[in-house]
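What the coordinates show
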Amino acid sequence: VITRPEMEIGRYHWMYRSSRPHRYHHVPALRGNVSPLGIQGCFECCIKCLGGVPYASLVATILCFSGVALFCGCGHVALTGTVSILEQHFSTTASDHALLSEVIQLMQYVIYGIASFFFLYGIILLAEGFYTTSAVKELHGEFKTTACGRCISGMFVFLTYVLGVAWLGVFGFSAVPVFMFYNIWSTCEVIKSLQTNVTVPGDQICVDIRQYGIIPWNAVPGKACGPILENICNTNEFYMSYHLFIVACAGAGATVIALIHFLMILSSNWAYLKDASKMQAYQDIKAKEEQELQDIQSRSKEQLNSYT
């Protein structure tokens, strides 16, 4: 004989099927490298890896390396050619350009330091780009952003800003020798164009290097006129130095663009990390509330079972 309480319990389980204990069936794992959609696992892994590559940081790194390499390499050779031109044609006494030679030698050592520093700094910024990209891509997984990581990203933003301002000065400074060599080259072109004009002899057209302040006023000869100046423009040292200074100036400009690009990327990544930290805090609170709700439901079920 079925009693009334037993009938009530049976009716309760029939109406609320979710109160019945769940049975979890084991799903066998897929063997090999085949996904449920039939696509090979290696292909999926490659797609996932390509999706985590910070392409913007990669482009900025390549542009930064190229600009620094052009500036350092071409600038070093151009400075050596400039010293050779001064010693042979504008300052025959070694004591007159001794200070300039020391300054140029110091600049060449500085170029070595700049090349080494930016090689390491570019790799660090690229690694930071990988870090922030993985932080955003894997926000809903086990990845956790920390306050130290956000602080490091902010420090890179400040340092890149300072380097960008410094390279603006380097870019302006690298345009000075281009301006000087352009004036000499344009004077040589004027001399060539006046060779057929008898009224204006080319010997009266001169270039005085002393007016630029790179050698003292008592340097001998200090200037070149007419055919001598034209022969200087036809030498390999002048031709190579002029064009190398142009390339070095272009490399400095490319480095400035790369640093501005890096600054935009770092600012965006820092904002993403800041939002990611807030999202993680929200997800932690949500998970805690869900756990408390599950605990309440489990206790209520235990009380109901004990009652029944």
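Keep in mind that this is a model prediction, so the values were computed, not measured. (Residues numbered from 1 in each chain as written. Predicted model: local features only at pLDDT ≥ 70, side-chain atom pairs only at ≥ 80, totals over all residues. Heavy atoms only, no water.)

Let us now look at the overall build of the protein. Scanning the protein from N- to C-terminus turns up seven helices and two strands. Taken from N to C terminus, the helices and strands of the protein fall in the order α-α-α-α-α-β-β-α-α. A burial count over the protein gives 32% of its 308 residues as buried. Put simply, of all contacts in the protein between residues at least 6 apart along the chain, 78% involve residues at least 24 apart. When the accessible surface of the protein is summed, it comes to about 20,100 Å², and 67% of that surface belongs to carbon and sulfur atoms. (Helix = DSSP H or I, 4+ residues; strand = E, 2+ residues; numbered from the N terminus. Buried < 20%, exposed > 50% of the residue type's maximum accessible area, 1.4 Å probe, protein only. Contact = heavy atoms within 4.5 Å. Areas by Shrake-Rupley, 256 points an atom, 1.4 Å probe, with all protein chains shown as cover.)

Moving on, we come to the UniProt feature "transmembrane region" (unreviewed entry) in the protein. The UniProt record annotates "transmembrane region" (unreviewed entry) at residues 58-86, 106-131, 152-176 and 244-266. A distance of 42 Å separates the end C-alpha atoms of residues 58-86, which is 100% helix and 0% strand. (UniProt positions renumbered as here; feature names shortened; annotations may be inferred.)

Counting across every chain of the model gives two disulfides. The partner cysteine of C188 in its disulfide is C233, sulfur to sulfur 1.7 Å. The chirality of the disulfide connecting C188 with C233 is right-handed, given an S-S dihedral of about 60 degrees. In this pair, C188 sits in helix α5 (residues 147-193) while C233 sits in helix α6 (residues 226-233), placing the two residues 45 residues apart along the sequence. Take C188 and C233: they sit in the same class, and that class is buried. A sulfur-sulfur distance of 1.8 Å marks the disulfide that ties C206 to C225. Sign of the S-S torsion, about 110 degrees for the bond between C206 and C225, identifies this disulfide as right-handed. (Disulfide = S-S within 2.5 Å.)

One broad rule of soluble globular proteins: the nonpolar side chains tend to lie buried together. Among the nonpolar cores identified, the biggest contains 50 residues, and F90, F118, W167, I184, I209 and L229 are the most heavily contacted of them. Elements with a minimum of two residues in this core: α3 (55-90), α4 (98-137), α5, α6 and α7 (236-307). Here the element with the most residues in this core is α7; it accounts for 13 residues. For F90, the contacting residues outside a window of four places in its chain are I85, V207, I209, I215, V220, P221, G222, K223, A224 and I232. (Core = buried A, V, L, I, M, F, W, Y, C linked by side-chain atoms within 4.5 Å.)

Time to look at α6. Every α-helix carries 3.6 residues per turn, so stepping three or four residues along brings you back to the same face. Of all the residues in α6, the buried ones are G226, L229, E230, I232 and C233. The arc enclosing the buried residues of α6, seen along the axis, measures out at 155 degrees, which places them on a common side. (Arc of directions from axis to C-beta.)

Our next topic: the packing of aromatic side chains. For the structure shown, the criterion picks out 14 aromatic pairs. Relative to F119, the ring of F65 has its centre 5.7 Å away and its plane inclined at 25 degrees; by these criteria the two rings are stacked. Taken as a pair, F65 in helix α3 and F119 in helix α4 lie far apart in primary sequence, 54 residues in all. The partly exposed category is assigned to F119, whose relative accessible area is 47%. Plain terms: the ring middles of Y109 and Y112 are 6.1 Å apart, the flat faces sit at 75 degrees to each other, and that makes the pair edge-to-face. Of this pair, Y109 and Y112 both sit in helix α4, three residues apart, roughly one helical turn. (Phe/Tyr/Trp six-rings, centres within 6.5 Å; stacked < 30°, edge-to-face > 60°.)

The next thing to look at is the pattern of salt bridges. Applying the stated criterion to the full structure yields two salt bridges. With its nearest N and O atoms 4.0 Å apart, the salt bridge here joins E189 to K192. Taken together, the positions of E189 and K192, both in helix α5 and three residues apart, correspond to about one turn of that helix. Residue class for K192 comes out partly exposed when judged on its relative accessible area of 35%. Residue R210 pairs with D208 through a salt bridge whose shortest N-O separation is 3.0 Å. Each of the two residues, R210 as well as D208, counts as buried. (Salt bridge = Lys/Arg side-chain N within 4 Å of Asp/Glu carboxyl O.)

Positionally, L58 belongs in helix α3. Expressed as a C-alpha distance, the spacing of L58 and I123, which sit 65 residues apart in the sequence, is 9.6 Å.

What follows deals with the confidence of the model for the protein. In the predicted model, the protein carries a mean pLDDT of 77, and 72% of its residues have values of at least 70. Confidence, read as mean pLDDT per element, is least for helix α1 (residues 4-15) in the protein (48) and greatest for α3 (90). Of the regions scoring below 50 in pLDDT, residues 12-39 engages in 15 contacts with residues more than four places distant in sequence or in other chains. (pLDDT = per-residue confidence, 0-100.)

Another aspect to go through is a negative patch on the surface. Taken together, the side chains of E289, E290, E292 and D295 define an acidic patch exposed on the protein surface. Along the chain, D295 falls in helix α7. (Patch = residues over 30% accessible without salt bridge, like charges linked within 9 Å, V, L, I, M, F, W, Y side chains within 5 Å. Lys, Arg positive; Asp, Glu negative; His and termini not counted. Charge placed at Lys NZ, Arg CZ, Asp CG, Glu CD.)

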